[in-house]
Structure formats: C-alpha cells, structure tokens
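Residue-level structural notes
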Amino acid sequence: MTTRVDPSAGELPATTSGGGYRFGAFKGVFTPSILTILGVVMYLRLGWVLGQVGLARTLLIVVMSCSITFLTGLSLAALATNMRVRLGGAYFIISRSLGIEAGAAIGVPLFLAQAVGIAFYLIGFAESVNVLFPVIDPRILALVTLVVMSLLAARSADLALRAQFLVMALIAASLASFFLGLGSLAPVSTTPGTSLASPAGLSFWVVFAVFFPAVTGIEAGLSMSGDLKNPARALPLGTLAAVIAGLMVYLAIPIVFHLSGIERSVLIDDSMAMQRVARWPALIAAGLWAAALSSALGAMLGAPRTLQALARDRVVFRFLGRGYGKGGDPRLASGVAFAIAIVTIWMGDLNRIAPVLSMFFLTSYGLLNLSAGLETLISPASWRPRLRLRAVYPLCGFFGCVVVMLMINAGATLIAWTVAGIIFYLMKRRSIKARWGDLRRGLILTVMRRSLYTLARLPPEARTWQPNVLVLSGLPSRRWHLVEMANALCKGRGLMTVAFVVPREGYTPDRQVTIRTAIANHLRRDHIEALVCVYPHEDPAAGALNLVNTYGLGPLVPNILVLGHVKSASAGQAARFGNLLRSAYTARKNVIIVRESGDAATDTGMSFEALDGLAASNGSLKADGRTGRRIDVWWGMKSPNRDLMLALTILMQRSEAWADAKVRLMIVVEAGGARQGTEDSIRQFLWSERIHAEPHVLVRNGETVFDMIAATSSDADLVLMGLRPPAGDESDADYGCYCSRIASQTGDFPLLALVLAGEAIPFAQLFASADAGRES
C-alpha cells in the first residue's frame, strides 16, 4: 500500500516544536531525567541488590549500567550538536538519522511504553500508600491521581515542571535523611509484611536485570526536546549531568548500607531497608511517593509529545499533532495517553507486558548509539558535531544495549524487535516521502566502496561466478522477452542493467532522469530488480557499442550481453551487428542473442515520443510472459560454449518462471557413433554433478542440425544453441551475416537463445566431472 500525498501539499515538513516553552538544560532536561533515574528502584531494590551479590558486585552493576547510559548520553550529545533537535526526542533523532521507517518502528512502541509507564508509576504509588492505609483501593487512588496529574500536565508543561522542583526537594531530603542516619543505626530485625520472597544467592545477571531499568530515565528529558530553548546545548548538558549525578547517588547508597552494618537478610527481605538507616524514616516514604509521582509526571509530559511528533510526520493521524496555547501543548495526544493509562490501570496485573515495554526504551537507546556510531564511521560532510567521538564509544553503547536486553529478558527482547520490525515493514509499504535526508544512502555507499576495493583485489573465479547482465532491450515493452531472459538469470543473485540509447537531439539531463525513473518504476511493478541506463547518442548502433565497451564500475562490469537478433539484415546492418558481437567477444563478455518467434529486429534506440508515452502511462511493461515447461539445450560436447550453456540452464531452473522446467540435453552424434555409450556417459556425468537434466542422444543421418532441431524441439518452451566465435580473418559483415542466417533458419523455432562464451572464466571448473563428458 502506498500513501499518496497531494502534490500541492508538498513533501513532508521537518518536525517543528510548535513554539515550545524554551526551557533550559536544568528545568527541561536535568530535572525530569534525574527524577526518573532516582525512582522507586533506588528506594525498594538497591538494598536487595546489595544483599544478593555483595558490595563489590553491586558497585560493578552500578558502574556497568551507568556506563551504558553514559555512552548513550555521549551519543546523544554528538547527535544533538550536529542537528536542530525538535519535537519528538529519541524518535526525532532516530528518524532523521536512520530514516522515517526506523524512527516510526521505535517511536510508536516508545509512545505506548511511555503511556503505559504512566500507569506503572501510579500503580506503584497507590500500592505503597495501600501498605500504610489498607482501606484505600489502589486502583481508585491511581485513577484519581491520574486525573489530577493529567489536568496539571494538560494545563501547562511549565506548571508541571515547576511541581517537579517540589518532588526533587522531597527526594533530596530523603537522601539527606538516609546519609545522616549512618551513625545512628538501631538494631535491625525483619519487618513483617515487607518480604520480597526472593531467595538469596541469585546470579549476577538476574540481579543486574532487576537494577538496570533504574538508570534508563534519560528518555524523560529527551521527550522534552521540542520545548527547549537550545536543544543542542540543553540535551547533552542536562542528560550527562543527570547520569553522572545518578551514578554518584547509586554508588554512595550501597557504601552507606555496607558501613552501617545492616544484616544481609534484612537487605533481602525488607524492601524499605533505607528507613532502617535514615535519621528520619518518614522522609524515605515521602521520597518514594514523590519519586513515583515524578516519574509518572515525566511520562505524562513525554508520551504526548512523542505522539505529537509522530502525527506531524504523518506516521499516525495528523490531527493528533495539533498544539494548543503558547507552548503548543499536545492536548489531543495527551487525551490518547490518558485513555491508555486508564485502561492499563484497570487491567491491574502488568507483569506480563512490563518487560516488553522496558525493551522499547533500551531499543531506542541502542539505536541512538548506532546512529552516532554510523555517522562517525561514514563521516559525511554534514557530520560536524561540536562533541566529536571515536566510533568505538557509541558502537560499544549499542552492543551494550543489545547484550543487556538479551540478559534481562530474551523473550521480551524478541517480542519488542518483532513489533518494531512489523511497524518498519508497514512504514516501508506506505512509502512516506520525507524531506529530510538520512544516513542510509551514505551507509550503503560506504559498504559498497569498501566492497568494491576489496573485490578489485580478488581475481575472478568460476566457483563464485555470478551473472552481471547488460540488456540492450531498446524500449523494454517492445522486447520484453529480453528482460525476462535476463531476469531469469539474475533474480536474487546477479546484477542486471536494462540499457537503451536515446537520440541526442532533444536530450536534456532532466528528461533523462524522468525517463529512467519511469522505466525503473515499471520494472519494479513487475517485481524486476534492475538498473536502468539511458545513453544519449546520434547513432543507436554506435551508442550500443559504446555501452558494451565502457559500461561498468571497477570490477563490476557486465559479463553477459543480452540482445535481440537482426532480421533480414542489409550489408550495413550485418556489419554493425557483427562489429557489436566481435567487440563484446573481444572484451571477454558472454553473449546471448534471444529470438522470439516472429519478433522484430534489434532495436537499441527509440524516439523521445515513445519514451515520453511510456513515462506518462500507468500500465505495466509486462508483455505475455512464458511459463517455463521444457528447455532443450543443444549441447556440442566439444563446443567452447557447452559449460556456459549448462551453467545458464542451472541458473534459469532456480528462477520462479522456469522452476518447474524439464531440461533435455540434446547431443548429436554421427551415424555409426557409440550412441548408447555416449548417453550412459552423459547420464553418469549429470548424476554425479547433481544436474537435473535428461540426456537425449540423436544420430544424424545426412540431415542438417536445423532440421533435427525443428523435428525434436518444436514443442519446447526454450531452445539453447551455441554460436561459434568470430574468426580472426572474418569481417564484421560476414560474421553478422552468419548470425543473421542462423536467425532466419530458426524462424519457426520457439523462444531461442544463441550463446557465445567469451569470458575468460574456466566454466568447466563448475563441474568436477566435466572431462568425463568431453572424453566421451
């Protein structure tokens, strides 16, 4: 399915912030990020981590986790200082680096994860309140809190972020109470009702998986990118500051626990162990509630803005991208996030989907690192970040994210990647055209460049030979059988170029692009992958000759020339045709002359009127294609073409059009020859080489080969025959007449392919038992 955009509307606009609030690094990035990092895991699980693996491994877990987040922050700093980051946060950066399809594949699940995250934090808050006040229904409390916080966020993001300062003050007070209580620890005992019911001695990676989500809070700051005064400065500064501050806190808390002498069993069994160390335990509960509410508020601010950016890029319904008020608040998108949060809260048990949602956050971090790493590796002229990194750092961050995802929950990782892959596929089918460029073309060019240089150093060999076909088809719709033949040889394995010569008179570069694009689109509609070459020249024959001699790039030059035959050729036409074939043979190219019963003469050029008609038409280029049923290969056992003909037949059998074809290997022996012995020898050769073909040995008693072909292959769907190469003292006209004479003598045959092996490849090496057939 293709999304068609009204031409008057233009291409997709770059996402804008809609005015925004113009927050600074502290208020717009650091505050929501640090409040999400210092969340419920710090209060409820950090002591449990210490009890399970000890101080040294706990510090290692903290450093490893924060290192991945820090590397992501560095990647973000490089990306943000190289582009104008606008509304959408991680989605905006990924879509502008890896393309809108990759951005949508992460952006849509990321919005859902953020929206459901609102419910997660509110349910955690409500359940912690329920421990102290059992009469309160957690779901009712979570719903009421959702309504109040949604009104706050919808009214103004500025007001919501100001409320975060109060939350930050409560968290700071709770941490101060914890650190100041180090010298006044009372005797400890396990508190009933707070057991985690977790056995001691869990593996390192299991404990790592529990802790790691604590440091993935930088998404909260990223989502505010459209409301920042200077995103290029605020995003890296606020994000890195939040990661470093979080690292310091997470390193200090286990050390204080260790110095306090609190028992291991208490750390494991009591989820509120921080209260046992704190000077004022009530502040720990207040900080926990504040952390849960601040995380919910951060998700409530971030999720609608991600959806708003998706809508403005036409990934989802465009009306959802509408902004209201001075700051362009996404109220419609907030309503969608609110509805998702209500449904999620009412579901109650979220344990099954929680791991999958966490994977989407990690996937976005991984792709941020990958984007920065690829930009650094490719290093186009547009890559000029103020913060320059070696590619190893963001790539280490990417691989770290992948490893952590698999270690945390391999099943959830697979589900998350599958969902992202489905969205990517659907976006590719919609064919949304974005105005911005991305690095996909640069990445392909980089890989191609390195591959070409490497390929140029490797000598060609028969074992890895693949067809690289140049089709001199003229207008493809007129000689579609040439395209079909080349496609049967190349589909899924080799390269194919459909080339034609246009008159130089009236030629312009813009017209060339229009015609080439039209032909390529028609080929693509018929599921044919091919390059298209439009070559301007006054003389079609001379232009075709130039293409044969010059077309290609480095080691990627065509090794097969596919063209039509010359019918009733005059002396001049025969000379030009012979010169073309001799030039291809001299250039060590294989030649396949394809003749369809009753087809027209070779036509490599065409008028602009015909081409313009093709460009304006919406029909398919596809003519009446043949479905392969039987291929007869007339196989001269001592012919220089025999091994190439056999290789071409094998390739054609692997194509969809000829997959069910029966192949007959037709061998002619003179009267008195060992017919049965020859057939047995060939049959053994075919069996040993795993070639699906049936040998047929025919005895010639005075009749011509053409008569024998007409008598035995008239009902075949394709006939392959060999051509002799041009002799050294043979003129171009004589050789052209020879080829024309064969074409005229086979006029009543079915689809015919005349094969001339000219490439300096020992095709016999493809068949280990080739000598057996030749000797027989």
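Residues numbered from 1 in each chain as written. Predicted model: local features only at pLDDT ≥ 70, side-chain atom pairs only at ≥ 80, totals over all residues. Heavy atoms only, no water.

Quick look at the overall build of the chain
A tally of regular secondary structure across the chain gives 28 helices and 10 strands. Of the contacts made within the chain by residues no fewer than 6 positions apart, 84% connect residues no fewer than 24 positions apart. Surface accessibility of the chain: about 33900 Å² in total, with carbon and sulfur atoms responsible for 59%. (Helix = DSSP H or I, 4+ residues; strand = E, 2+ residues; numbered from the N terminus. Contact = heavy atoms within 4.5 Å. Areas by Shrake-Rupley, 256 points an atom, 1.4 Å probe, with all protein chains shown as cover.)

Here we look at the pattern of salt bridges
Following the criterion strictly, the structure yields 12 salt bridges and no others. Between D732 and R582 there is a salt bridge; the shortest N-O distance is 2.7 Å. Of this pair, D732 sits in helix α27 (residues 732-745) while R582 is found in helix α22 (residues 571-586), placing the two residues 150 residues apart along the sequence. When its relative accessible area of 23% is taken as the criterion, D732 is described as partly exposed. E694 is the salt-bridge partner of R683, the closest N and O atoms lying 2.7 Å from each other. With R683 in helix α25 (residues 675-688) and E694 in strand β8 (residues 694-700), the pair connects residues that are 11 residues apart, well separated along the chain. Judged by its relative accessible area of 33%, R683 is partly exposed. (Salt bridge = Lys/Arg side-chain N within 4 Å of Asp/Glu carboxyl O. Buried < 20%, exposed > 50% of the residue type's maximum accessible area, 1.4 Å probe, protein only.)

Digging into the sheet that holds strand β9 (residues 718-722)
Here 10 strands make up an open sheet; going across it, the order is β3-β2-β1-β4-β5-β10-β9-β6-β7-β8 and the pairing mixed. With one partner strand each, in any of the chains shown, β3 (531-536) and β8 form the two edges of the open sheet. Geometrically, the sheet is characterised by an average inter-axis angle of 25 degrees between neighbouring strands, direction not taken into account. Sheet analysis places strand β7 (residues 662-670) next to β8, joined by seven bridges and oriented parallel. When the bridges of β8 are listed, E670 appears paired with R700. Across the sheet, helix α20 (residues 509-525) lies against β2 (495-502) and β3, angled at about 150 degrees from β3, the strand it touches most. (Pairing = 2+ DSSP bridges. Axes fitted to C-alpha atoms, helices over the stretch in contact; angles between N-to-C directions.)

Some details on the nonpolar core
Counting 96 residues, the largest nonpolar core has L38, I171, F211, Y250, I253 and F257 as its most contacted members. With 15 residues, the top contributor of residues to this core is helix α3 (residues 46-80). The contacts of F211, once residues within four sequence positions are left out, are V41, L46, V49, I61, V62, S65 and Y250. (Core = buried A, V, L, I, M, F, W, Y, C linked by side-chain atoms within 4.5 Å.)

Considering the packing of helix α19 (residues 480-490) against helix α24 (residues 642-653)
Running from N to C, α19 and α24 point in directions that differ by 85 degrees, and their axes come no closer than 7 Å. It follows that α19 is roughly perpendicular to α24 by the angle criterion. Counting all contacts with α19, which are made through M485, A488 and L489, the residues of α24 involved are L648, L651 and M652. Looking at the contact of α19 with α24 residue by residue, the classes come out as six nonpolar, no polar and no charged. (Parallel < 35°, antiparallel > 145°, perpendicular 65-115°, else oblique. Nonpolar A, V, L, I, M, F, W, Y, C, P; charged D, E, K, R; others polar.)

Thoughts on the packing of α3 against helix α16 (residues 392-408)
At a closest axis distance of 9 Å, the pairing of α3 and α16 adopts a crossing angle of 135 degrees. Judged on the interaxial angle alone, α16 and α3 are oblique. In this structure, α3 crosses over α16, and the sense of that crossing is left-handed. Between α3 and α16, the contacting residues are I68, L71, T72 and S75 on the first element and Y393, P394, C396, G397, G400, C401 and V404 on the second. Residue composition of the contact of α3 with α16, by class: seven nonpolar, four polar and no charged. (Left-handed = near helix turned anticlockwise from the far one by under 90°.)

Quick look at the packing of aromatic side chains
Summed over the entire model, instances satisfying the criterion amount to 16 aromatic pairs. Ring geometry for F211 and Y250: centres 5.2 Å apart, planes at 90 degrees, overall edge-to-face. With a gap of 39 residues between them, F211 in helix α8 (residues 204-211) and Y250 in helix α10 (residues 231-260) connect regions that are remote in the sequence. For Y250, a relative accessible area of 0% puts it in the buried group. Taking the centre distance of 5.1 Å and the plane angle of 65 degrees together, the rings of F398 and F399 count as edge-to-face. Residue F398 is classed as buried on the basis of its relative accessible area, which comes to 18%. Each residue in the set F204, W205, F208 and F212 is aromatic and connected to the rest through ring pairs, giving one cluster. We note R139 situated over the ring of W346; from NZ or CZ to the ring centre the distance is 4.4 Å. (Phe/Tyr/Trp six-rings, centres within 6.5 Å; stacked < 30°, edge-to-face > 60°. Lys NZ or Arg CZ within 6 Å of the ring centre and 35° of its normal.)

A word on the confidence of the model for the chain
Averaged over every residue, the pLDDT of the chain is 80; residues scoring 70 or more account for 84%. Within the chain, helix α23 (residues 608-616) has the poorest average pLDDT of any element, 43, and strand β1 (residues 468-472) the best, 94. Low pLDDT, under 50, characterises residues 187-199; the stretch is placed with 23 contacts to residues that sit more than four places away or in other chains. (pLDDT = per-residue confidence, 0-100.)

A look at helix α1 (residues 25-37)
Where α1 bends most, at T31, the angle is about 30 degrees, and the proline P32 comes one to four residues later. Of all 13 residues in α1, 12 are buried; the element is thus mostly enclosed. The set of residues buried in α1 consists of A25, K27, G28, V29, F30, T31, P32, S33, I34, L35, T36 and I37. (Bend = angle between axes of the 7 residues up to and from the residue.)

Topic: the state of the cysteines
For the structure on display, the rule yields zero disulfides. Free of any disulfide, C737 has its nearest cysteine sulfur in C739, 9.4 Å distant. Owing to a relative accessible area of 35%, C737 belongs among the partly exposed residues under this scheme. (Disulfide = S-S within 2.5 Å.)

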